[in-house]
Amino acid sequence: MMNHFMILAILLSLRTCYATYSQQESIVFPVTYFNISKDLALQQLLVEWDVGKSAHDAELAMSFEIQVRRTDETSTVWTEFHNVTLNKSGKLLHWIWDSDLPLECMSHSVRIRSKAEVSKIWSQWSPWETVPGLDTSSNSGPQIFPNEKILEEGSDITFCCIGRKGQIIKKFFVDPAVHAFSHKNSQVRLLTVKNVTRQLPHITVYCKESCNEEQCYDEAVFLVGKPPDTPNDFSCQTQNMRIVTCTWSRGGDTYLYERYSTKYTVSEEFSQKMVPCTVSCSEQCSCSWDIGKQRMWNVTVTVENPLGKKTATDVFDITHRIYPTAPFQLWEECRDTEITLYWKHGSKGIELFCQTEVLLPDGKVQLHNISDTHLHYASITLRGLQPYTEYTARVHCGAAKHFWKWSEWSESLTIRTKEATPSGKLDIWREVTPVLGGQNVTLFWKQAPNFRANGRSISYEVMWEKVEDGSKPESISFSSVYNSTRISIDNHSYRISIMAKNNVNYSLPSILIIPTATGNSRSTTELKEEQVNGTDDGIFISWEPRLIYDSYIIDWCNFPMVQPCDLQWKRFGPNTSNALINSAAFVPGVRYNFGIYGSVAGRASLLEKKTGYLRELPPLLDPVVEKVELTFNAVTLYWDSYPTNESQPGFVRGYHVYVSPIQEDCHLKGSKKHILSDDSVLCKYTVENPEEKRYTVKDLMSNTKYKLVVKAYTGGGETPIVNFIYIDTPLNSNMLYVLVLLVIVPSLVAVICCWKMKWVKESCCPVIPNPNNSKVLSFKEFNIGSEKVMKISDCVPDMLAVDNKAEAQKLHPWSQLSSTLTEDNADGHKSSWIYPNENGEGDFTRTPTPQTHTWFENFAYSSHPAVESDPYQILSTLETSNPERPVMLYQPHYYFDIFNEDAASGPRETAGRKTSLRYISQTDVHCLGRRL
């Protein structure tokens, strides 16, 4: 039952709420009071209204819509929704609108309507309430607004010019000229300038109507400046609990002066009074006044000019803002290691906490704190100081209770402690030079890092005595400007000590033992110098440690090429085996020599020698080639006098020999290519032993021009190749012999052959006579028609060859054709006979187309008939044309001497002359023959 009643109650409550909400949603509260005013100084419209008393019976959230319009604009220029919660107070509602246009320029109208926030229904608009502008008034001339003549830099400003009724504004502009937006109507002109800049101290606005009278013109001058900055770092404090002083930063320049300059006011909130103080500003602004009995303060400073106003506030308890005055009248009492410092201060009755700052000689700062319990002065004792050393001290203080900040520093006081006995020992070293009958010992000393002179003036005392017999020591003193001396001793062992002395006492002695001349450690010549490498930070030295030594010394000369060489040395502990030696005097390209000594009980022995460069450089000079030996395929270069000692700016590691033919790049076997800057190629050979000062370049070509250069190289490289030496390799004599055999001998043979050409030609290739070129044929009686015919009876031959038919047939196939000729057997020898014409004149019967066939033959040569036809065919043709007359063929095979018939060659002789020339003639002319 209870649950049912609770559910029913909840439903009734929800219904009631919904009914109330529905009622509120439909309720409309119209504006019952509405008023508008203007603030011309701030260019603001002030609106106030009310919605009636009935609406204030309970709290109610309301929304208001407000609209603004201007005279010459049909639409609204501004719409804003304003939410507010109404209560029973019944106060009027307020709204402020900042106009971007001076309110004098034209009339502005405002209206408003309302609704409950939960409602969707707005009330009716209130009537427009208008604030008239000067555009509705009767002016005596054109007017420019705004009236305020100060413009803020960087702002946007709209000027207006209001003309008289019935007049038209003809000109409206700004000087200096700037980009502006202009708006026109019949009586009011607007001009908007964006981002006003301070090009000049001021700008001028001009306005002119269309008339020319004096009252038709107006101008206004406007200054451009900045609003004041907010007073930063604003704080108040007291030094003596009687006067409070407030300070703040001055801020930037506003560019406004005289009556528009920045004004400062200071007020106190708790007392509701203006603070009677005069503000002064230089680097910062300050204001001071009497505290009186007030302890808690709420101070506000206001900074303002025509463009704006800024404030800053400080709330404080004056007892927590104590800023003591700086201590003054410092004095001291000092000893050799202590200083007592005294000072005074003006903050009487205030318990202070002071701090002393001490500047040490090395530039470091020490701070010492002390609580001040005295009324008029305070003091502090500074301990652990160095004797006869300058210190600079100063003091500042702060409140011990409720510390606020330190006071200003006092003036600095420079104090020197008193003298004391020198502390530590001198660092000493020696250089021993053997001489006739003894030794010259050059002694060097310097102040070690742990040594302190502790006095105004210092001197040095050198004392030496024999170790063996304990003879009376000798001594000599030097002023502080000396750091070396030379003494001469005999060959005995000596004990040398050097001490520093000031006005108080001597320092502890530094001792060296010079051994006897014969008992010296091994000669330095027995030690080989080892090359060491330099780095950007120095030259690295390492050595082999020995357990017997209590320290190690390394010495060297800063300037090894001059005298004195400025000997330097460094000491190292017994557990050290390497060091990086650096000096401001070290320069690249200079060889430095280092000696490493082991020392025990003052006796030093040379252990190792090192030599090296901070950085190696290329050699200064190239090797000078002093001798050149040439063969047709090799050249040997000598540069014997080239130095490799400490005069070089680096360790000479070897040599490079470059060679190349003058007209072309080099490609010698066994060399490496080296390309120059002009892209030419050289052959490069390397000599890795710096003591080897000759080199032979092989595989050269004879009778060729070469260019060569020898360069030394160090760890720093070598200098660029500039100058060459030039050589000509001689001609190869072996090649000359070959040339003689291949050229001259064949040439001689050719000359001899040319000289005996006729004989050679007749012997090897005899000239074959051409019967057509015979002079006999040039006689007229041998001409038959257009042909030349030589009768055998008209010629006296040198020889006549007759051969038997069987042998002739063996020689040529056509020789068988001779069987058609007349044959005769004489003396049992079968021969072929030639039958000449008996008439002697030439009663040959010619064929219709006579042809002459001529050819020559021997066993090496056989020509063919002039007519390219088969000889069998030729004969058959001839026989067919005239069978009664056989063709006369002349076929000589054996040769007979015409003038000596007994000299006919037999077969054997004929066989020996088978290479003799044969003359064979054949004609197709038919003639009578007779035996010769």
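Residues numbered from 1 in each chain as written. Predicted model: local features only at pLDDT ≥ 70, side-chain atom pairs only at ≥ 80, totals over all residues. Heavy atoms only, no water.

S.K.: Could you clarify how one ought to interpret the overall build of the protein in this entry?
M.R.: Across its full length, the protein carries six helices and 61 strands. By residue count, 38% of the 932 residues in the protein fall in the buried class. In the protein, the share of contacts with a sequence separation of at least 24, taken over all contacts with a separation of at least 6, comes to 65%. Only carbon and sulfur atoms are counted for the fraction: they give 53% of the accessible area of the protein, which is about 54300 Å². (Helix = DSSP H or I, 4+ residues; strand = E, 2+ residues; numbered from the N terminus. Buried < 20%, exposed > 50% of the residue type's maximum accessible area, 1.4 Å probe, protein only. Contact = heavy atoms within 4.5 Å. Areas by Shrake-Rupley, 256 points an atom, 1.4 Å probe, with all protein chains shown as cover.)

S.K.: What is the right way to look at the pattern of salt bridges in this model?
M.R.: Once their charged atoms are close, side chains differing in charge can pair, the charge on each being opposite to the other. Considering all chains together, one arrives at 21 salt bridges under this definition. Here Glu465 and Arg495 are joined by a salt bridge, their closest N and O atoms 3.6 Å apart. Residue Glu465 is found in strand 33 (residues 459-466), and its partner Arg495 is found in strand 36 (residues 494-501); the two are separated by 30 residues along the sequence. According to the relative accessible area criterion, Glu465 is partly exposed, its value standing at 22%. Put simply, Glu530 and Lys610 hold a salt bridge, and the shortest N to O gap is 2.5 Å. (Salt bridge = Lys/Arg side-chain N within 4 Å of Asp/Glu carboxyl O.)

S.K.: Quick question: what am I supposed to make of the pairing of strand 5 (residues 93-98) here?
M.R.: As a general feature of sheets, a regular strand has side chains that alternate between the two faces. Only one face of strand 5 is buried, namely the one carrying Leu93, Trp95 and Trp97, since none of His94, Ile96 and Asp98 on the opposite face is buried. Of the pairings in the sheet, the one linking strand 2 (residues 44-50) to strand 5 comprises six bridges and is antiparallel in character. The residue bridging Trp49 from the neighbouring strand is Leu93, located in strand 5. (Pairing = 2+ DSSP bridges.)

S.K.: Sorry, what's going on with the sheet that holds strand 52 (residues 725-728) here?
M.R.: One key point about sheets: their strands pair by backbone hydrogen bonds, in either a parallel or an antiparallel sense. As summarised here, the arrangement of the five strands in space is 48-49-47-51-52, forming an open sheet in which the pairing is antiparallel. For this open sheet the edge positions go to strand 48 (672-675) and strand 52, each flanked by a neighbour on one side alone. The mean angle between the axes of side-by-side strands here comes to 35 degrees, regardless of whether they run parallel or antiparallel. Pairing of strand 47 (residues 654-661) with strand 51 (residues 705-713) involves eight bridges; the strand directions are antiparallel. Counterpart to Val659 in the pairing with strand 51 is Leu708. (Axes fitted to C-alpha atoms, helices over the stretch in contact; angles between N-to-C directions.)

S.K.: Quick question: what am I supposed to make of the packing of aromatic side chains here?
M.R.: Given two aromatic rings, one states the distance between the centres and the angle between the planes to describe the pair. In total, this model carries 28 aromatic pairs according to the counting rule given. Centre to centre, the rings of Trp248 and Tyr264 are 6.0 Å apart; their planes meet at 45 degrees, and the pair counts as tilted. Residue Trp248 is found in strand 17 (residues 243-249), and its partner Tyr264 is found in strand 18 (residues 263-268); the two are separated by 16 residues along the sequence. A centroid spacing of 5.1 Å and a plane angle of 70 degrees characterise the contact between Phe403 and Trp406, whose relative ring orientation is edge-to-face. Judged by its relative accessible area of 41%, Phe403 falls in the partly exposed class. Taking relative accessible area as the criterion, Trp406 reaches 26% and is therefore assigned partly exposed. Grouped by ring-pair contacts, the aromatic residues Trp445, Tyr460, Phe478 and Tyr482 constitute a single cluster. One residue, Arg394, lies across the ring of Trp409, its end atom 4.2 Å from the ring centre. (Phe/Tyr/Trp six-rings, centres within 6.5 Å; stacked < 30°, edge-to-face > 60°. Lys NZ or Arg CZ within 6 Å of the ring centre and 35° of its normal.)

S.K.: How do you make sense of the sheet that holds strand 19 (residues 273-274) when you look at a structure like this?
M.R.: Read from one edge to the other, the open sheet built from four strands follows the order 19-18-22-23, with strand pairing classed as antiparallel. Only two strands of the sheet have a single partner each, and these edge strands are strand 19 and strand 23 (308-317). Judged from the two bridges that link them, strand 18 and strand 19 form a sheet pairing that is antiparallel. Following the sheet pairing, Ser267 is matched in strand 19 by Met274.

S.K.: Teacher, can you tell me more about the state of the cysteines here?
M.R.: By definition, a disulfide is the covalent link that joins the sulfur atoms of two cysteine residues. Enumeration according to the criterion identifies nine disulfides in this entry. Disulfide pairing places Cys105 opposite Cys160 at an S-S distance of 1.7 Å. With the S-S bond torsion at -85 degrees, the cross-link from Cys105 to Cys160 turns out left-handed. Linking Cys105 in the loop between strand 5 and strand 6 (108-116) with Cys160 in strand 10 (residues 157-162), this pair joins segments that are 55 residues apart in sequence. Sulfur-sulfur distance for the disulfide between Cys666 and Cys683 comes to 2.1 Å. On the sign convention where negative means left-handed, the S-S torsion of about -100 degrees between Cys666 and Cys683 marks this disulfide as left-handed. Here Cys683 lies in strand 49 (residues 681-687) and Cys666 lies in the loop between strand 47 and strand 48, a separation of 17 residues in the sequence. Cys683 matches Cys666 in its accessibility class, with the two residues each being buried. (Disulfide = S-S within 2.5 Å.)

S.K.: Explain the side chain of Lys693 to me, please; I cannot follow it from the model alone.
M.R.: Inspection of the secondary structure assignment puts Lys693 in the loop between strand 49 and strand 50 (694-697). One buried charged residue, Lys693, forms no salt bridge at all, with the nearest opposite charge on Glu691 at 4.8 Å. Setting aside its immediate chain neighbours within four residues, Lys693 contacts Leu637, Tyr638, Trp639, Asp640, Tyr642 and Tyr655. (Lys, Arg positive; Asp, Glu negative; His and termini not counted.)

S.K.: Honestly, the nonpolar core in this entry has me stumped. Any pointers?
M.R.: Grouped burial of nonpolar side chains is what soluble globular proteins tend to show. One finds Leu45, Trp49, Met62, Phe64 and Val110 to be the most contacted residues of the largest nonpolar core, which totals 23 residues. Residue assignment for this core shows that the elements contributing at least two residues are strand 1 (33-39), strand 2, strand 3 (60-70), strand 4 (78-86), strand 5 and strand 6. Residue contributions to this core peak at five residues, all from strand 3. Filtering out sequence-adjacent residues up to four positions away, Phe64 remains in contact with Trp49, Val51, Glu80, Phe81, His82, Val84, Leu93, Ile112, Arg113, Ser114 and Trp122. Ile322, Leu341, Trp343 and Leu360 belong to the second largest nonpolar core, which has 21 residues in total. (Core = buried A, V, L, I, M, F, W, Y, C linked by side-chain atoms within 4.5 Å.)

S.K.: What's the story with the environment of Pro574 in this structure? I'm lost.
M.R.: Along the polypeptide, Pro574 turns up in the loop between strand 41 (567-572) and strand 42 (578-581). For the pair Pro574 and Ser599, spaced 25 residues apart in the sequence, the C-alpha separation amounts to 9.3 Å. With residues near it in sequence (within four places) discarded, Pro574 still touches Tyr549, Asp550, Ser551 and Tyr552.

S.K.: Before we go on, may I ask you to explain the side chain of Asn454 in this structure?
M.R.: Examined against the element boundaries, Asn454 turns out to sit in the loop between strand 32 (438-447) and strand 33. The buried category is assigned to Asn454, whose relative accessible area is 7%. Apart from the residues lying within four places of it in its own chain, the contact partners of Asn454 are Pro387, Tyr388, Glu419, Ala420, Thr421, Pro422, Ser423 and Asn502.

S.K.: How do you make sense of unusual backbone geometry when you look at a structure like this?
M.R.: Among all residues save glycine, negative phi is the norm, and among peptide bonds the norm is trans. Here the residue pair Asp175 and Pro176 is connected by a cis peptide bond, since its omega of 5 degrees sits within 30 degrees of zero. Among the structural elements, Pro176 can be located in the loop between strand 11 (169-175) and strand 12 (180-184). Here the amide bond leading from Gln563 into Pro564 is cis, since omega sits at -5 degrees, within 30 degrees of zero. Positive phi, normally seen in glycine, also occurs at Tyr255, with a value near 65 degrees. Relative to the elements of secondary structure, Tyr255 occurs in the loop between strand 17 and strand 18. Notably, Asp699 is not glycine yet its phi reads approximately 60 degrees, a positive angle. By secondary structure assignment, the location of Asp699 is in the loop between strand 50 and strand 51. Relative accessible area serves as the criterion here: at 46%, Asp699 is assigned to the partly exposed category.

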